[in-house]
Amino acid sequence: MSDTNIIQKIKDRFGDAVLEDHNFRGDQTVTLQKEKIVEVTRFIKDEPSLDMDYLMDLTAVDYMDRKPQRFEVVYHFYSSTLNHRVRLKIPVSEEDCLVDTLDSLYKSANWFEREVWDLYGIKFKGHPNMKRILLYEEFKGHPLRKDYPINKRQPLIGPMN
Amino acid sequence: MGLMDEAVDNVETEINNLKLNAKEALDQLGAEFSGAVYDSILTTKLGKVVGWAQKNALWPATFGLACCAIEMMAMANSRWDAARFGAEVFRASPRQADLMIVSGRVSQKMAPVLKRIYNQMPEPKWVIAMGACSSCGGIFNNYAIVQGVDRVVPVDVYVPGCPPGPEALLYGVIKLQEKILKEAGSEKARQRVA
């Protein structure tokens, strides 16, 4: 892993957008304002010294009652040329579950964002096909939300029940 | 004496007459072992013979869903050798199978697929729910997994375990064979094929 200080580079460019940062043995994390995510992603993708060409994972966390903003969307980027990684996080409130899509920058974001919508109910603005990906259309609710009842049962799709 | 007993007696007399006639015919031919032939004729019900044949030629459909499927494959291997019980011919097509071993957790999305495969199997057919997950949902008490495959298809034998070993599954197959033989010739067995 290279020693590039990715946090510093993001801070230099988007100082006011960075809410928090964290670095543990080269495992670098930056928490950003929700509105800046596309801008910052475009920067780390196009900047030659960062060259994040791979969106490895895009997921979400539900911090119900533990953080003022209920959700956090987490992005993991990797540079296959420079062999370094960065994690971006954006807090998302329950009232405003809408995040800008990364589909135009990374094709892999398309399905990841559908998965986050499916299981957490966070919508992505500008996504070309914002539909459920893992569960079926008849499913009500978003099961990885902490307030989804553990014993809640959905109607079976099929001839019986 | 009831009507049924009378009918049974009549049939037995008829069969004995047939056997004696056969013996006479053999005697006339001068066959050497006509007495032995007489002794070696067995009588039974057709339904029982059919059931006996069915129980010794169970053809499972290949329906591996999770880790249980590994144990199911082991059961078919030479070490446990399901062939001893006539249940080794795993069929990739449900049309050629009469036993469905549901080996693993069934997700809500898999349930209609499982139902369709079950419907594609010709009668008579049987289902073994292998392991805790397919029997009752197992550890997966959540939104994604069907809480027991008996909510989707009728189950004949439940094999407990997580996963059950090949010998446990083999025991389940033997239990199913006993069930088939016990049912053979009964109204229930007739309804299966009707």
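Going by the structure above, here's the rest.
Residues numbered from 1 in each chain as written. Chains lettered and ligands numbered in written order. Predicted model: local features only at pLDDT ≥ 70, side-chain atom pairs only at ≥ 80, totals over all residues. Heavy atoms only, no water.

## Considerations on the sheet that holds strand 2 (residues 27-32) of chain A
All names here are of chain A. Taken in spatial order, the 5 strands of this open sheet run 1-2-5-4-3, and their pairing is mixed. The open sheet has two free edges, formed respectively by strand 1 (18-24) and strand 3 (54-62), since each of these has just one partner strand. Pairs of neighbouring strands in the sheet enclose a mean axial angle of 20°, with direction left out of account. Against the sheet, helix 3 (residues 109-120) engages strand 3 and strand 4 (71-79), with an angle of about 10° to strand 3. (Pairing = 2+ DSSP bridges. Helix = DSSP H or I, 4+ residues; strand = E, 2+ residues; numbered from the N terminus. Axes fitted to C-alpha atoms, helices over the stretch in contact; angles between N-to-C directions. Contact = heavy atoms within 4.5 Å.)

## What to know about the pairing of strand 3 (residues 126-130) of chain B
All names here are of chain B. For strand 3, a buried count of 5 out of 5 residues is recorded, marking the element as mostly surrounded by other parts of the structure. Assessed by its sense of winding, the connection that carries the chain from strand 2 (residues 99-103) through helix 5 (residues 111-120) to strand 3 is right-handed. Here strand 3 pairs with strand 4 (residues 157-159) via 3 bridges, running parallel. When the bridges of strand 4 are listed, M130 appears paired with V159. You can see the chain leave strand 3, run along helix 6 (residues 131-136) and come back into strand 4, and the turn it takes is right-handed. (Buried < 20%, exposed > 50% of the residue type's maximum accessible area, 1.4 Å probe, protein only. Right-handed = clockwise from strand over helix to strand, strands pointing away.)

## With respect to the sheet that holds strand 3 of chain B
Adjacent strands of a sheet pair through backbone hydrogen bonds, lying either parallel or antiparallel. All names here are of chain B. Reading across the sheet, the 4 strands line up as 1-2-3-4 and stay open at both edges, with parallel pairing between neighbours. Strand pairing shows two members of the sheet lacking a second neighbour, strand 1 (60-61) and strand 4, which therefore form its edges. With 5 bridges connecting them, strand 2 and strand 3 associate as parallel partners. The residue bridging V102 from the neighbouring strand is A129, located in strand 3.

## Description of the packing of helix 1 (residues 6-13) of chain A against helix 2 (residues 37-46) of chain A
Geometry of a packed helix pair, given as the angle between the helix axes and the separation of the axes. All names here are of chain A. Where helix 1 meets helix 2, the closest approach of the two axes is 11 Å, and the angle between their N-to-C directions is 125°. In terms of orientation, helix 1 lies oblique with respect to helix 2. Relative to helix 2, the crossing made by helix 1 is right-handed. When helix 1 is examined against helix 2, the residues K9, I10 and R13 are found in contact with a partner set consisting of V40, F43 and I44. (Parallel < 35°, antiparallel > 145°, perpendicular 65-115°, else oblique. Left-handed = near helix turned anticlockwise from the far one by under 90°.)

## Here we look at the nonpolar core
Membership of the largest hydrophobic core comes to 45 residues, with the highest contact counts inside it found for A:I10, A:Y75, A:F77, A:L88 and A:I122. Those elements that provide at least two residues to this core are helix 1, strand 2, helix 2, strand 3, strand 4, strand 5 (84-92) and helix 3 of chain A. Discounting residues that sit within four places of it in the chain, A:I10 has contacts with A:G15, A:V18, A:V30, A:L32, A:V40, A:F43, A:I44 and A:L88. Counting residues in hydrophobic clusters, the runner-up holds 18 residues, among them B:M75, B:L99, B:W126 and B:V157. (Core = buried A, V, L, I, M, F, W, Y, C linked by side-chain atoms within 4.5 Å.)

## Description of the interface of chain B and chain A
In this complex, chain B contributes 12 residues to the contact, which on the side of chain A involves 19 residues. Both faces considered, chain B and chain A share a buried interface measuring about 1300 Å² in area, 59% of it formed by carbon and sulfur atoms. Of all residues in chain B, the largest losses of buried area upon contact with chain A belong to B:Q108, B:K109 and B:Y143, amounting jointly to 50% of the total for that side. Here chain B is connected to chain A by 0 salt bridges. Counting every contact that joins chain B to chain A gives 1 residue pair in polar contact (both at pLDDT 80 or more). Considering only residue class, the side of chain B that touches chain A consists of 5 nonpolar, 4 polar and 3 charged. (Buried area = accessible area lost by both parts, 1.4 Å probe. Salt bridge = Lys/Arg side-chain N within 4 Å of Asp/Glu carboxyl O. Polar contact = N/O pair within 3.5 Å; in protein donor to acceptor, adjacent residues only side chain to side chain. Nonpolar A, V, L, I, M, F, W, Y, C, P; charged D, E, K, R; others polar.)

## Notes on the pattern of salt bridges
One pass over the structure, following the stated rule, counts 12 salt bridges over all chains. Close ionic contact of A:D147 with A:R70 constitutes a salt bridge, the shortest N to O distance being 3.2 Å. Here A:R70 lies in the loop between strand 3 and strand 4 and A:D147 lies in the segment after strand 7 (123-125), a separation of 77 residues in the sequence. Residue class for A:D147 comes out partly exposed when judged on its relative accessible area of 42%. Note that B:E178 is salt-bridged to B:K175, the shortest N-O span being 3.3 Å. Of this pair, B:E178 and B:K175 both sit in helix 7 (residues 166-183), 3 residues apart, which is roughly one turn of the helix. Look at B:E178 and you get partly exposed, because its relative accessible area is 36%. Residue B:K175 is classed as partly exposed on the basis of its relative accessible area, which comes to 34%.

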